[in-house]
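Working through the structure, step by step
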Amino acid sequence: MPGFEFHRETETTAIETVVEVEATSADTNGHAVREGVYYNPRLDPKNYLEGPLSHDPATRLRQMLARPGIVVAPGICDGISARCALEAGFDCMYQSGAATTASRLGMPDVAIATLNDFVQSAQMVCSLDPTVPVIADADTGFGGPAMVARTVTQYVRAGVAGLHIEDQVQTKRCGHLMGKQVVSREEFLQRIRAAVIARDSIPGGSDFVIIGRTDSAQVLGMEEAVTRLKLAADAGADVCFIEGVKTSELLKDTVAALAPKPVLVNVISGGLTPSFTCSEAEQYGAKIIIFSLVSCVAAVHGIREAMRSLKKTGTDFTSARGMDPKAFFEVMGLNDVISLDARAGGKAFEVV
């Protein structure tokens, strides 16, 4: 893999040549790099501090991570929720695994959705505004190292900016449900290494962001969770995601323990993590905050209300709130379609 080094013994494969280096070296910020720790000089955060935001979503996400301010990514579950997030002005979105499973399959987040379900959803969402980074849930990577690698390449081709891989067993569940089980440290690290190898094997050099997630806090305790994330960072994870941080103090301690790696916090109302606001999470040191179920829970409430009203009154007049079909399609990008058609010389949409 050109442009990066694993600080370990020389090893040659069909994909990469890993060079032997001294036991310690330094990154571009002068920080010591320990033996056995992944370091890719091309992906050093210092390289993303200057210049305009890139049109490439993965590069843009790295720029956002390197620069001041917290990255706020609302959870989206389908094209409608993604359009609404873009309309509201969000500059990053999160494709929640739970929301994707619910919207595509009408099923709970208990390891039912497949890689194809996630990729097909991502292809659609990422196409709506290809410059806006989408962080996508990748569950456990859907299998062993080879499958994790395939997941990364499929997500990159779909236009996703970054994904997170977790340490739950294959029959995983939503991180805010009880009864979770996790794999060994080594199996978790195999997933992270496989994701890094896949990303760094992409011709031309990819900026795709790899996020290591641990669900071990509720199973093995916070100390083990932090240890796992430190090891994931050493293996090449760009961001650390600890699921189920129950207090602000624990979040602060986690951020401090993992510095300088950026930390992601997941907020689900009624879940294990307190309902931190964006400003509170930033104050506690988090670099990314995601609101996984913000769209699909709101959709359940809104659609339930509309259906009950229709059943009771026999009309959808009240629930429509004055939104006619054209207004609805405008949220879905109608004006962009009309503009494109006209610029190409078409006349199909002169009157709509």
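In what follows, the structure referred to is the one given above.
Note that this is a predicted model, so its numbers are computed, not measured. (Residues numbered from 1 in each chain as written. Predicted model: local features only at pLDDT ≥ 70, side-chain atom pairs only at ≥ 80, totals over all residues. Heavy atoms only, no water.)

A few words now on the sheet that holds strand E10 (residues 162–166). Taken in spatial order, the eight strands of this closed barrel run E7-E8-E9-E10-E11-E12-E13-E14, and their pairing is parallel. Ignoring which end each strand starts from, the neighbouring axes of this sheet average 25° apart. Packed onto the sheet, helix H8 (residues 222–235) meets strand E11 (209–214) and strand E12 (239–242) and runs at close to 160° relative to E12. (Pairing = 2+ DSSP bridges. Helix = DSSP H or I, 4+ residues; strand = E, 2+ residues; numbered from the N terminus. Axes fitted to C-alpha atoms, helices over the stretch in contact; angles between N-to-C directions. Contact = heavy atoms within 4.5 Å.)

Running from N to C, helix H4 (residues 115–128) and helix H5 (residues 145–158) point in directions that differ by 20°, and their axes come no closer than 9 Å. Relative to H5, the element H4 lies roughly parallel. The handedness of the crossing between H4 and H5 comes out as right-handed. Along its contact with H4, which presents Leu115, Phe118, Val119, Ala122, Gln123 and Cys126, the element H5 presents Met147, Arg150, Thr151, Gln154, Tyr155 and Ala158. The residue inventory of the contact of H4 with H5, partitioned by class, reads eight nonpolar, three polar and one charged. (Parallel < 35°, antiparallel > 145°, perpendicular 65-115°, else oblique. Left-handed = near helix turned anticlockwise from the far one by under 90°. Nonpolar A, V, L, I, M, F, W, Y, C, P; charged D, E, K, R; others polar.)

On to the pattern of salt bridges. All told, the structure shown has 18 salt bridges when counted by the stated rule. Between Arg104 and Asp117 there is a salt bridge, and its shortest N-O distance comes to 4.0 Å. Here the residue Arg104 occupies a position in helix H3 (residues 97–105), and Asp117 occupies one in helix H4, the gap between them amounting to 13 residues. By relative accessible area, Arg104 is classed as partly exposed at 36%. A relative accessible area of 15% means that Asp117 is categorised as buried. Measuring nitrogen to oxygen at the nearest pair gives 3.4 Å for the salt bridge that ties Lys172 to Asp139. Taken together, the positions of Lys172 in the loop between E10 and helix H6 (185–200) and Asp139 in the loop between strand E9 (134–137) and H5 put the pair 33 residues apart, joining distant regions of the chain. Under the relative-accessibility criterion, Lys172 is labelled buried at 3%. On the accessibility criterion, Asp139 (5% relative accessible area) is buried. A network of salt bridges, in which partner residues are shared, links Asp109, Asp139, Glu166, Lys172, Lys180, Arg213, Asp215 and Glu243. (Salt bridge = Lys/Arg side-chain N within 4 Å of Asp/Glu carboxyl O. Buried < 20%, exposed > 50% of the residue type's maximum accessible area, 1.4 Å probe, protein only.)

What follows is about the packing of aromatic side chains. This structure, assessed with the given rule, holds three aromatic pairs. Both rings, one in Phe118 and one in Phe142, keep their centres 5.4 Å apart while their planes meet at 75°; by these two values the pair is edge-to-face. Here Phe118 is found in helix H4, whereas its partner Phe142 is found in the loop between E9 and H5, with 24 residues between them in sequence. Given the relative accessible area of 19%, Phe142 is considered buried. Look at Phe276 and Tyr284: their rings are 5.4 Å apart centre to centre, the planes differ by 75°, and that puts the pair in the edge-to-face class. In this structure, Phe276 and Tyr284 share a single accessibility class: buried. (Phe/Tyr/Trp six-rings, centres within 6.5 Å; stacked < 30°, edge-to-face > 60°.)

Glancing now at H8. With 14 residues, H8 extends 20 Å between its outermost C-alpha atoms, agreeing within 8% with the 20 Å of an ideal straight helix rising 1.5 Å per residue. All buried positions along H8 are accounted for by Glu224, Ala225, Val226, Arg228, Leu229, Ala232, Ala233, Asp234 and Ala235. Backbone geometry just downstream of H8 places Gly236 in the positive-phi region, at approximately 125°. (Expected span 1.5 Å × (residues − 1).)

It is at 10 Å that the axes of helix H2 (residues 79–87) and H4 come closest, and there the two elements cross at 30°. In terms of orientation, H2 lies roughly parallel with respect to H4. Seen along the crossing, H2 lies across H4 with a hand that is right-handed. On H4, the residues that touch Gly79, Ala82, Arg83 and Leu86 of H2 are Met124, Val125 and Leu128.

Our next topic: the pairing of E12. Along E12, one buried face is formed by Val239 and Phe241 and the opposite face, lined by Cys240 and Ile242, is buried too. Note that E11 and E12 share four bridges and pair parallel. Looking at the pairing, Arg213 lines up with Phe241 of E12. As paired elements, E12 and strand E13 (residues 263–266) share two bridges and run parallel to each other. Within E13, the residue paired with Cys240 across the bridge is Val263. This β-α-β element, E12 to helix H9 (residues 248–258) to E13, shows right-handed connectivity. (Right-handed = clockwise from strand over helix to strand, strands pointing away.)

A few words on helix H11 (residues 294–313). Between its first and last C-alpha atoms H11 spans 28 Å; for 20 residues at 1.5 Å apiece the expected length is 28 Å, and the two agree. Three or more residues of H11 are buried, namely Ser295, Cys296 and Ser309. The buried residues of H11 all sit within an arc of 155° when viewed along its axis, so they share a single face. For H11, the exposed residues lying more than 90 degrees away from the buried face are His301, Glu305, Arg308, Lys311 and Lys312. (Arc of directions from axis to C-beta.)

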